[in-house]
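Secondary and tertiary structure notes
So you can see what is in the structure, the chains are spelled out below.
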Amino acid sequence: QQQVKQSPQSLIVQKGGISIINCAYENTAFDYFPWYQQFPGKGPALLIAIRPDVSEKKEGRFTISFNKSAKQFSLHIMDSQPGDSATYFCAASTTGTASKLTFGTGTRLQVTL
Amino acid sequence: DVKVTQSSRYLVKRTGEKVFLECVQDMDHENMFWYRQDPGLGLRLIYFSYDVKMKEKGDIPEGYSVSREKKERFSLILESASTNQTSMYLCASSLPSRAEAFFGQGTRLTVV
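Just so it is clear, the structure is predicted and the values come from calculations on it, not from any experiment.

Details of the overall build of chain A
On a plain count of helices and strands, chain A comes out with zero helices and 11 strands. The N-to-C order of helical and strand elements in chain A reads β-β-β-β-β-β-β-β-β-β-β. C-alpha atoms of chain A, sized along the principal axes, occupy 45 × 30 × 20 Å. Of the contacts formed within chain A by residues at least 6 apart in sequence, a portion of 54% connects residues at least 24 apart. Placing the 11 positive and 7 negative side-chain charges of chain A at their respective mean positions leaves the two points 5 Å apart.

As structure tokens, this is what we get:
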């Protein structure tokens, strides 16, 4: 069963535009929501993460918006750049000794000139 | 700098072969994970380990086994490789108190 649903599957944005990727989760025990960025030929790397006690977290051009009641969270990339072209994965996890990440299906972002 | 190293970037194996994928981390992390990545399916957890000699099944353990004899090393074993195990395999590690996982660069396995 897909516990974390991610959309869209692919996204094309012009340079300078806003990229938005959405995720929804089912397990209310999840308390850690990271986004990973993956470039071709590389493993995923943590981009930004949020915990459910806040509704928004911003790091540079990247912002996570979190809606606990709707069980949804999203990644916004402001002023998108060609260097942001990558695959983005949302994930969710509980925290604790045996915590493990459950990933969404990924979004391939292409930022055009 | 933290590092998770997978022994091979690319592997080509024949159907029925026993395949070993090795992963080593230098961060003294207790938790280690094996995921496989397929287009449109994202990352799916195969097995994980939260201590030496401990292992837990993930979402898709069928056809795989794992070994963790030392804290820094976690091996994924395909007992009898099949073509549907052609995939990108990713190893990761984390501390038990933090969910942030660090990934290796991946092993692209092709079974012919």
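Here we look at the sheet that holds strand β8 (residues 73-78) of chain B
Residue and element names in this part refer to chain B. Taken in spatial order, the four strands make up an open sheet running β1-β3-β8-β7, and their pairing is antiparallel. A single partner strand is all that each edge strand has here, and the edge strands are β1 (4-6) and β7 (64-70). Each neighbouring strand pair of the sheet contributes to a mean axis angle of 20°, computed without reference to strand direction. Where β7 meets β8, five bridges bridge the pair, whose relative direction is antiparallel. Across the sheet, residue Y64 finds its bridge partner in β8, namely L78.

Thoughts on a nonpolar patch on the surface
On the surface, A:I18, A:I20 and A:M78 cluster together into a nonpolar patch covering about 240 Å² of accessible area. Taking relative accessible area as the criterion, A:M78 reaches 34% and is therefore assigned partly exposed.

Details of the pattern of salt bridges
Residues and elements named next belong to chain B. The full count for this structure, using the stated rule, is eight salt bridges over all chains. When the shortest N-O distance is used, the salt bridge between E79 and K18 registers 3.6 Å. Of this pair, E79 sits in the loop between β8 and β9 (87-94) while K18 is found in the loop between β2 (10-13) and β3 (19-25), placing the two residues 61 residues apart along the sequence. Residue D38 pairs with R44 through a salt bridge whose shortest N-O separation is 2.9 Å. Residue class for D38 comes out buried when judged on its relative accessible area of 12%. A network of salt bridges, in which partner residues are shared, links D28, E30 and K71.

Comments concerning the packing of aromatic side chains
Residue and element names in this part refer to chain A. A complete count under the given rule lists 17 aromatic pairs over all chains for this structure. Both rings, one in F33 and one in F66, keep their centres 4.8 Å apart while their planes meet at 45°; by these two values the pair is tilted. Here F66 lies in strand β7 (residues 62-67) and F33 lies in strand β4 (residues 33-38), a separation of 33 residues in the sequence. Residue F33 is classed as buried on the basis of its relative accessible area, which comes to 0%.

Some words on unusual backbone geometry
Trans peptide bonds make up most of the peptide bonds, and negative phi angles are found at most residues other than glycine. All names here are of chain A. A cis amide bond links S7 to the next residue, P8, at an omega of -5°. Relative to the helices and strands, P8 resides in the loop between β1 (4-7) and β2 (10-14). Unlike most non-glycine residues, K71 shows phi in positive territory, near 55°. Within the secondary structure layout, K71 lies in the loop between β7 and β8 (72-77).

Quick look at the sheet that holds strand β6 (residues 56-59) of chain A
Residue and element names in this part refer to chain A. In spatial order, the strands read β1-β3-β8-β7-β6; together these five strands make up an open sheet with antiparallel pairing. Because the sheet does not close on itself, it has two edges, and the strands there are β1 and β6. This sheet shows a mean twist of 15° between the axes of neighbouring strands, independent of strand direction.

The rules behind each value
Along each chain, residues carry numbers from 1 onward, in the same order as the chain's sequence is written. Chains carry letters from A onward and ligands carry numbers from 1 onward, assigned in written order. Local features in this predicted model are restricted to residues whose pLDDT is 70 or higher, and side-chain atom pairs enter the listing and the counts only when it is 80 or higher, whereas totals over whole chains, interfaces and linings include all residues. Processing note: side-chain calculations cover all non-hydrogen atoms of the structure and skip hydrogens and water entirely. Per the convention used, a helix needs a DSSP run of H or I reaching at least four residues, while a strand needs a run of E reaching at least two, with both numbered from the N terminus. Every residue pair with non-hydrogen atoms within 4.5 Å of one another is taken to be in contact. In this tally, Lys and Arg are treated as positive and Asp and Glu as negative; His is ignored, and so are the chain termini. The atoms used to mark charge sites are NZ of Lys, CZ of Arg, CG of Asp and CD of Glu. Strand pairing is assigned whenever DSSP identifies at least 2 bridges connecting the two strands. Angles run from 0 to 180 degrees between N-to-C directions of axes, and those axes are lines fitted to C-alpha atoms, restricted for helices to the stretch in contact. Patches here: salt-bridge-free residues with over 30% relative accessible area, like charges joined within 9 Å, nonpolar side chains (Val, Leu, Ile, Met, Phe, Trp, Tyr) joined within 5 Å. Using the Shrake-Rupley algorithm and a 1.4 Å probe, accessible areas are obtained, with residue cover drawn only from the displayed protein chains. Salt bridges are defined by distance alone: a side-chain nitrogen of Lys or Arg within 4 Å of a carboxyl oxygen of Asp or Glu. Each residue's exposure class comes from its accessible area (1.4 Å probe, protein chains only) as a fraction of the maximum for that residue type: buried when under 20%, exposed when over 50%, partly exposed otherwise. Geometry of aromatic contacts follows a simple scheme: Phe, Tyr and Trp rings, the Trp one being its six-membered ring, pair when their centres are within 6.5 Å, and the pair is stacked under 30 degrees between planes, edge-to-face over 60, tilted otherwise.

Read these as layout, nothing more, since geometry by itself doesn't imply function.
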